[in-house]
Amino acid sequence: MLDYVCIFTKGGTLLWALSFVGALKGDPVNALIRACLLEERAAQSAYEYIIPSGGAYTLKWTLNNGLGLVFVAVYQKALKLLYVDELLERVNKAFAPRFRPGVFEYPEFDAAFQRLLKDCEEKAEAAKRPSQQLAPAPGAPSGTQRRAPGGQTASSGSEEEEGDSDGSSGSGAAPVPAAPAPAAVPAAGVSSAEEHSSGDDGAGSGEGGFVPNLERLKKLGKRAGPGGKVSRHAADRAEDGQKKKAAPTKKGKQARVWDTTSAAGGKEDAALDFTDGAPPEAAAAAVSLNQKSLIDVEEEISYDDTEEEQEEEAAAGAAPKKGGLLSSFVRSIGVSVTGTQSLSRADIEPALAVLKKKLMERNVAEEIANRVIESVATSLEGQKLASFTRVSTAVQQAVEEALTRILTPKRSIDVLREVKAAQAKGRPYTIVFVGVNGVGKSTNLAKVAYWLLQNGIKVMIAACDTFRSGAVEQLKTHCARLQVPLYERGYEKDPAKVAFEAAKAAQRSGIDVLLVDTAGRMQDNEPLMRALSNLINLNQPDLVLFVGEALVGNDAVDQLTKFNQRLADLCPDPTQRHLIDGIVLTKFDTIDDKVGAALSMVYTSGAPIMFVGCGQTYVDLKKLHVKSVVKSLLK
């Protein structure tokens, strides 16, 4: 049974609605708009909405792009309603002739919808009923008969006994002989003579009982006797000993002696000592904060749209001279001029295929490229183009708008404003950096610390990477250069407790921001993922940043998906679970125009890209420029 059905425009105006249960729990329709329709996920078949008080709704929808309408049906997730898709399509066809621009109430549509709903429910019920069994054809076995293994049709119950006593079937037909059983394949290592003897044993063991084969038993006794296996093993050992004696002996690697008290240990210590006297303590020079971080520097980006248009026109003019697929494609998307006919899937398919190839060449994960292109196709199908508008231009513009919507942050990424709000409450603002191994978590943590120091924020760093050798020493070097305090408790400690104690120390010292460094871990490492979940659940940080490389493609989807999944699954309280809030994209200066990892990460997690690492120095940190990334994806 449906709970709620509604029709609204893409602008958000509700035209018609019908509720079967009164008020819905929560706000599932607006959640659908935010999570699917605005995030270019319109091609999904269904959306699941978790009710805050318990339970879940399933939402299905269809679009009428020509009129700009959205049709939504809501029902309980526990109900498996198979007719909803068909119902929405029929409602779409029935409502389209009634739609009038400027009219916002359609009470007369209630009766039409009830008829459609009743018809769809009756069809679904009829499909569930078991189909009637057909009567058996003349001469065919009846329903009470069963097929015997050898091909005979044997009756059950008393008919079977009658057939056995009479020697013939009820129809008078001659019985079909059973097919002979397939010959058994002899096991490996068994001779042909043994195979024949075993066949004889099988023949002898009939109704008269088991008759042993004495010849075979004698052979087995000789094989298992003292002169059998033992003599062969002795011969093999003797042969191996002769081979060892004949082989030249190689001088093996000598083990190192670590005993410093013995004479040998002293010799090895002298051999390993390559220093000239005691080395001086390396002092890290303090870095100057005069140079501005790239986050605070205005980035000037120019786009030569005229040059791109000239290239497109040149391609369109030169393509007809070439034969084959390319010329037909250019004719189909470059010369199609329409102002009345609605777009069909066949019209936009060639242009979408070219754009999908572009996205994948820019390192976008294949799964993400398929979803984005399918969502754009769903939103374009049925739309009417303006006069003298090329199909390829309309498709590219739709894809560009979709990519811009995906990459534009849906939450505030102004960290300084959130830090000021935490200062007003008298507590430090905590940021936790997580990610896989070797992506640059510690380096970019130091870049964030440098940027915060330039803006007059007091910073403390917590060394919660108690797993990797040298992690604490690396942070000590950064802290010495940046002149910021470091809270560390060495190695092999519980990182959750270290972060908890660091937060208390930061509050006592009047610190504004606490930056927590964690150990790198693969998304499939269960113990380390459990430790990370414990750290986040115990400390409840203000911001959890996932640090990922801009070089990865399909792996970015797997990393983010499993990180979020493990953080959600390992949280003891589902209402208090804390997932990834933002992304730090590193090594962005090494990828040229292959910026697809940014799209893959944002689309997968829904988290915005907060910072972009673009170099090796402390100042090489900037914000993501959405327009430049979109241009790089589609150029």
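Keep in mind that this is a model prediction, so the values were computed, not measured. Residue positions within a chain follow its written sequence, with the count starting from 1. Where totals are concerned, whole chains, interfaces and linings use all residues; where local detail is concerned, this predicted model gives features only for residues with pLDDT of at least 70, and gives and counts side-chain atom pairs only at 80 or more. Values shown for side chains rest on all heavy atoms present in the structure; no hydrogens or waters enter the calculation.

## Description of the nonpolar core
Filter applied, for reference: Here the nonpolar core consists of buried residues drawn from Ala, Val, Leu, Ile, Met, Phe, Trp, Tyr and Cys, with membership extended through side-chain atoms lying within 4.5 Å. Relative accessible area decides the class of each residue, using a 1.4 Å probe on protein chains only: under 20% of the type maximum gives buried, over 50% gives exposed, and in between gives partly exposed. Contact criterion: two residues are considered in contact whenever any of their non-hydrogen atoms come within 4.5 Å of each other.
Counting residues in each nonpolar core, the largest one holds 111 residues, and the members touching the most others are L515 and F611. What F611 contacts, discounting residues up to four positions off in sequence, is I295, V415, V448, W451, L545, I583, V584, L585, L621, K622 and K623. Grouped together as the second largest cluster of nonpolar side chains are 26 residues, L2, I7, L18 and F71 included.

## Let's talk about the sheet that holds strand β5 (residues 69–76)
As a reminder of what qualifies: Whether two strands pair depends on DSSP finding at least two bridges between them. Here a helix means four or more residues in a row that DSSP labels H or I, a strand means two or more in a row labelled E, and each is numbered from the N terminus. Each axis is a line fitted through C-alpha atoms, taken for helices only over the stretch in contact, and angles between the N-to-C directions span 0 to 180 degrees.
Overall, antiparallel pairing links the five strands, which are arranged β2-β1-β5-β4-β3 in an open sheet. One side of each edge strand has no neighbouring strand; the edge strands of this open sheet are β2 (14–19) and β3 (47–50). For this sheet the average axis-to-axis angle between neighbouring strands, irrespective of direction, equals 20°. Inspection of the sheet shows strand β1 (residues 4–9) paired to β2 by five bridges, in the antiparallel sense. Pairing of I7 across the sheet is with W16, part of β2.

## Side note on unusual backbone geometry
The backbone of N363 shows a phi angle near 80°, a positive value even though the residue is not glycine. The topology assignment puts N363 in the loop between α11 (345–361) and α12 (366–380). Unlike most non-glycine residues, Q483 shows phi in positive territory, near 60°. Summarising the element assignment, Q483 is placed in the loop between α16 (471–482) and β10 (486–487).

## Considerations on the environment of Q565
Turning to its location among the elements, Q565 is positioned in helix α19 (residues 554–569). Using a relative accessible area of 43% as the deciding quantity, one classes Q565 as partly exposed. Residues Q565 and Q523, spaced 42 residues apart in sequence, show a C-alpha to C-alpha distance of 9.7 Å.

## Comments concerning the packing of helix α2 (residues 84–95) against helix α3 (residues 109–128)
The following threshold applies: Each angle is binned into one of four classes, with values under 35 degrees roughly parallel, values over 145 roughly antiparallel, values of 65 to 115 roughly perpendicular, and all other values oblique. Left-handed describes a crossing in which the near helix is turned anticlockwise from the far one by less than a right angle; the clockwise case is right-handed.
Between α2 and α3, the least distance of the axes is 10 Å, while the angle of their chain directions is 150°. Of the possible angle classes, the one that applies to α2 and α3 is roughly antiparallel. Considering how the two elements wind past one another, α2 and α3 form a crossing that is right-handed. When α2 is examined against α3, the residues E86, L87, R90, V91, A94 and F95 are found in contact with a partner set consisting of F109, F113, L116, L117, D119, C120 and K123.

## Topic: the packing of aromatic side chains
The criterion, for reference: Between 30 and 60 degrees the pair is tilted, below 30 it is stacked and above 60 it is edge-to-face, where a pair is any two Phe, Tyr or Trp rings, Trp via its six-membered ring, whose centres lie within 6.5 Å.
With the rule as written, the count across this model stands at ten aromatic pairs. Aromatic side chains F95 and Y106 sit 4.9 Å apart centroid to centroid with 70° between the ring planes, which places their arrangement in the edge-to-face category. Separated by eleven residues along the polypeptide, F95 in helix α2 and Y106 in the loop between α2 and α3 bring together distant segments of the chain. For the pair formed by F95 and Y106, the shared burial category is buried.

## Focus on the pattern of salt bridges
Selection criterion: Each salt bridge in this description consists of a side-chain nitrogen of Lys or Arg and a carboxyl oxygen of Asp or Glu lying within 4 Å of one another.
With the rule as written, the count across this model stands at 21 salt bridges. Measuring nitrogen to oxygen at the nearest pair gives 2.4 Å for the salt bridge that ties K587 to E549. Pair noted here: K587 is in the loop between β13 (582–586) and α20 (596–605) and E549 is in strand β12 (residues 543–549), with a separation of 38 residues, a long-range link. The network of salt bridges with shared partners includes E86, R90, D119 and K123.

## Quick word on α3
Short version of the rule: Any helix carries an expected span of 1.5 Å times its number of residues minus one. Regarding the arc, it is the one traced by the directions from the helix axis to the C-beta atoms.
For α3, with 20 residues, the first-to-last C-alpha span of 29 Å sits near the 28 Å given by 1.5 Å per residue. Of all the residues in α3, the buried ones are F109, A112, F113, L116, L117, C120 and A124. For α3, the buried positions fall inside an angular range of 130° around the axis, keeping them on one side. Of the residues in α3, the exposed ones pointing more than 90 degrees away from the buried face are R115 and K118. Residues of α3 that are buried make contact with β1, β2 and α2.

## Focus on the packing of α12 against helix α13 (residues 391–407)
For any two helices packed against each other, one specifies the inter-axial angle together with the distance between the axes. Short version of the rule: Gly is placed with the polar residues, together with every amino acid not listed as nonpolar (Ala, Val, Leu, Ile, Met, Phe, Trp, Tyr, Cys and Pro) or charged (Asp, Glu, Lys and Arg).
Packing of α12 against α13 leaves a shortest axis separation of 10 Å and a crossing angle of 120°. Accordingly, the angle class assigned to the pair α12 and α13 is oblique. Where α12 crosses over α13, the handedness of that crossing is right-handed. Contact residues: V372, V376 and L380 in α12; V395, A398, V399, A402, L403 and I406 in α13. Counted by class, the contact of α12 with α13 contains nine nonpolar, no polar and no charged residues.

## Focus on helix α21 (residues 626–634)
Counted residue by residue, α21 has eight buried out of nine residues, so it is predominantly covered. Within α21, burial applies to V626, S628, V629, V630, K631, S632, L633 and L634.

## Remarks on the sheet that holds β12
Pairing is mixed in the open sheet, where eight strands are placed in the order β10-β9-β11-β8-β12-β13-β14-β15. The open sheet has two edge strands, β10 and β15 (621–622), and neither has a second partner. In this sheet, strand β14 (residues 609–613) lies alongside β13 in parallel orientation, the contact comprising three bridges. Residue pairing for β14: I583 is matched across the bridge by I609. Where helix α17 (residues 495–508) meets the sheet, it contacts β9 (459–464), β10 and β11 (513–518), and its direction lies at approximately 165° from that of β9.

## Thoughts on the pairing of β12
Of all seven residues that make up β12, seven are buried, and the element is covered over most of its length. Here strand β8 (residues 429–435) runs beside β12; their pairing, made up of five bridges, is parallel. Paired with I431 across the strands is L543, a residue of β12. Here five bridges tie β12 to β13, and the two strands are oriented parallel to one another.

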